[in-house]
Amino acid sequence: MSEYRKWLETIKISWVNLTAYKFNYLLMVLGPSLTFFFVKYNLWTAIYKSNSLNSIQGYSLSDMLIYQVWTLVVGLLAQSYNSMNIAVDIRYGKISTYLIYPFDFWQFHTASFIAFFFNQIVIAAITVLCMVGLGILAMPSASVLSTALPLCFLVALLWFVVMYTLGLIAFWLEETWTLRVVFIMISQFFSGSFLPLEIFPQWLLDGIKYLPFQYMTYVPVKVFMGTYTGSLSLATSVLVFWVFVFATSASLIWKRGVKLYTAAGI
C-alpha cells in the first residue's frame, strides 16, 4: 500500500468514527450555538446592562458578543483536540499494535487529527451560519476567510503537537490529564479566550509576545473580525517556531519512552 493510501484510509476511518453516532454528532453540531446563548450571550448582556456600560476597553456589547462568537469558532477549529487516547493507549499497553503496523504511531494520530480538523470545519461553519442567520455576525469576506482559516489550521497543528507531546509523557506518568488541564487553563487565560487582550496591562502583553498563547485565539479572532493591525508574518513565524519546538520534543520523548515501554496492561 502506498504511503498516500495509508494516510487517506486512516483519515477516512477516523472520519467514520467521528460521525458514527448520529445523535451524538447532532449534539456536537448544535452544542456550540446553544452553549453560546445559554452562557456567553446571557453573561455579557447581564454584565453590560447591570453596570450600565456602553463599552469595555472600546468593546460595545455588540462588539464583545462578536468577539466571543469568533472565540468560540476559533476554539472549535483549533483547540478541541486532546491527547487522552494517546495516554490511555500507552498506559494500557495498546501501542504494541502500532509498533507492528506499517504506519508509525505519530502518523496514525496525525491522520486522525486531520480528519478531526475537517470535521471541526463543518461544525464551525454551521455555527457561523447560525450566528449570521440570527444577526449576531456578518458573513466574513473571502479575503478574510483565506487569511484566517490557514492561520487556524496552524494553530490547530500547534494544539495537536502540544497535546500529543503531553500525551507521550504517559510513558513516565500514570495520568497526564493534569498536564493537559494546566496547559489549557494557562493558554485560555493568556490567549484571549476569556477576555480580549486589550483589557490586560501592556507589560503583560509585551512579556508574552513571543509565546504562542495570543496567537492561538486572540489573533485569529481579530483576523476574523477584520480588525487585526499586527504583523501576520510575526504571528505565523511564532506559531511555526512553537510547532517545531513541540514536534521535536515529541520525537525525542517517543524515542526515550518506547525504550522503557513494557506493554503493561496487555
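In case you missed it, the structure is sitting above this.
Heads up: these notes are all about the structure in this document.

**Remarks on the overall build of the chain**
- Each helix and strand counted, the chain has 12 helices and zero strands in total.
- For the chain, the N- to C-terminal ordering of α and β elements is α-α-α-α-α-α-α-α-α-α-α-α.
- For 266 residues, the compact-globule estimate of 2.2 N^0.38 gives 18 Å, and the C-alpha radius of gyration of the chain, at 20 Å, lies within 12% of that figure.
- For the C-alpha atoms alone, the extent of the chain along its principal axes is close to 60 × 45 × 35 Å.

**Overview of the packing of aromatic side chains**
- Across all of its chains, the model carries 22 aromatic pairs by this definition.
- The interplanar angle of 80 degrees and the centroid separation of 5.8 Å between the aromatic rings of Tyr 59 and Tyr 67 together place this pair among those described as edge-to-face.
- According to the relative accessible area criterion, Tyr 67 is buried, its value standing at 0%.
- Taking the centre distance of 4.9 Å and the plane angle of 10 degrees together, the rings of Phe 105 and Trp 254 count as stacked. Separated by 149 residues along the polypeptide, Phe 105 in helix α6 (residues 105–133) and Trp 254 in helix α12 (residues 232–260) bring together distant segments of the chain. There is no split in this pair, since Phe 105 and Trp 254 are both buried.
- Grouped by ring-pair contacts, the aromatic residues Phe 105, Phe 113, Phe 117, Phe 118, Phe 153, Phe 160, Tyr 164, Phe 171, Trp 172 and Trp 254 constitute a single cluster.

**Observations concerning the pattern of salt bridges**
- The tally for this structure, following the rule as stated, stands at two salt bridges.
- As a salt-bridge pair, Glu 9 and Arg 5 come within 3.1 Å of each other at their nearest N and O atoms. Here the residue Glu 9 and the residue Arg 5 both occupy positions in helix α1 (residues 3–19), the gap between them amounting to four residues, near one helical turn.
- We classify Glu 9 as partly exposed; its relative accessible area is 25%.
- We classify Arg 5 as partly exposed; its relative accessible area is 43%.

**Quick notes on the nonpolar core**
- Counting residues in hydrophobic clusters, the biggest one holds 76 residues, and the most contacted among them are Trp 70, Ile 95, Phe 105, Leu 158, Leu 168, Phe 183 and Phe 224.
- In this view, Leu 158 contacts Pro 212, Met 216, Leu 239, Trp 242, Val 243 and Phe 246; residues no more than four positions away in its chain are not counted.

**Some words on a nonpolar patch on the surface**
- Taken together, Phe 23, Leu 26, Leu 27, Leu 30, Leu 34, Phe 38 and Val 39 make up a surface patch of nonpolar side chains, about 730 Å² in accessible area.
- For Phe 38, the position within the fold is in helix α2 (residues 22–50).

**What to know about the packing of helix α7 (residues 142–168) against helix α11 (residues 218–225)**
- Axis separation between α7 and α11 bottoms out at 9 Å; the angle between their running directions is 165 degrees. Classed by the angle they form, the pair α7 and α11 counts as roughly antiparallel. Of the two possible hands of crossing, α7 and α11 adopt the one that is left-handed. For the pair α7 and α11, the contacting residues are Val 144, Leu 145, Thr 147, Ala 148, Leu 149, Leu 151, Cys 152 and Val 155 in the first and Val 219, Pro 220, Val 223 and Phe 224 in the second.

**Observations concerning unusual backbone geometry**
- For Gln 57, which is not glycine, the phi dihedral falls at a positive 50 degrees.
- Inspection of the secondary structure assignment puts Gln 57 in the loop between α2 and α3 (61–78).

**A few points about the packing of α6 against α7**
- As a packed pair, α6 and α7 sit with axes 11 Å apart at the nearest point and diverge in direction by 140 degrees. Taken together, the axes of α6 and α7 lie oblique to each other. Regarding α6 and α7, the two cross each other, and that crossing is right-handed. For the pair α6 and α7, the contacting residues are Phe 105, Trp 106, His 109, Thr 110, Phe 113 and Phe 117 in the first and Cys 152, Phe 153, Ala 156, Leu 157, Phe 160, Tyr 164 and Leu 168 in the second.
- Here the contact of α6 with α7 is built from residues that sort into 11 nonpolar, two polar and no charged.

**Thoughts on the state of the cysteines**
- In total, this model carries zero disulfides according to the counting rule given.
- Considering cysteine sulfurs only, Cys 152 is the nearest to Cys 130, which forms no disulfide, with 18 Å between them.
- Looking at Cys 130, the relative accessible area reads 32%, which means it is partly exposed.
- Residue Cys 152 is classed as buried on the basis of its relative accessible area of 0%.

Basis of the calculations
- Residues numbered from 1 in each chain as written.
- Predicted model: local features only at pLDDT ≥ 70, side-chain atom pairs only at ≥ 80, totals over all residues.
- Heavy atoms only, no water.
- Helix = DSSP H or I, 4+ residues; strand = E, 2+ residues; numbered from the N terminus.
- Rg over C-alpha atoms; globule rule 2.2 N^0.38 Å.
- Phe/Tyr/Trp six-rings, centres within 6.5 Å; stacked < 30°, edge-to-face > 60°.
- Buried < 20%, exposed > 50% of the residue type's maximum accessible area, 1.4 Å probe, protein only.
- Salt bridge = Lys/Arg side-chain N within 4 Å of Asp/Glu carboxyl O.
- Core = buried A, V, L, I, M, F, W, Y, C linked by side-chain atoms within 4.5 Å.
- Contact = heavy atoms within 4.5 Å.
- Patch = residues over 30% accessible without salt bridge, like charges linked within 9 Å, V, L, I, M, F, W, Y side chains within 5 Å.
- Areas by Shrake-Rupley, 256 points an atom, 1.4 Å probe, with all protein chains shown as cover.
- Axes fitted to C-alpha atoms, helices over the stretch in contact; angles between N-to-C directions.
- Parallel < 35°, antiparallel > 145°, perpendicular 65-115°, else oblique.
- Left-handed = near helix turned anticlockwise from the far one by under 90°.
- Nonpolar A, V, L, I, M, F, W, Y, C, P; charged D, E, K, R; others polar.
- Disulfide = S-S within 2.5 Å.

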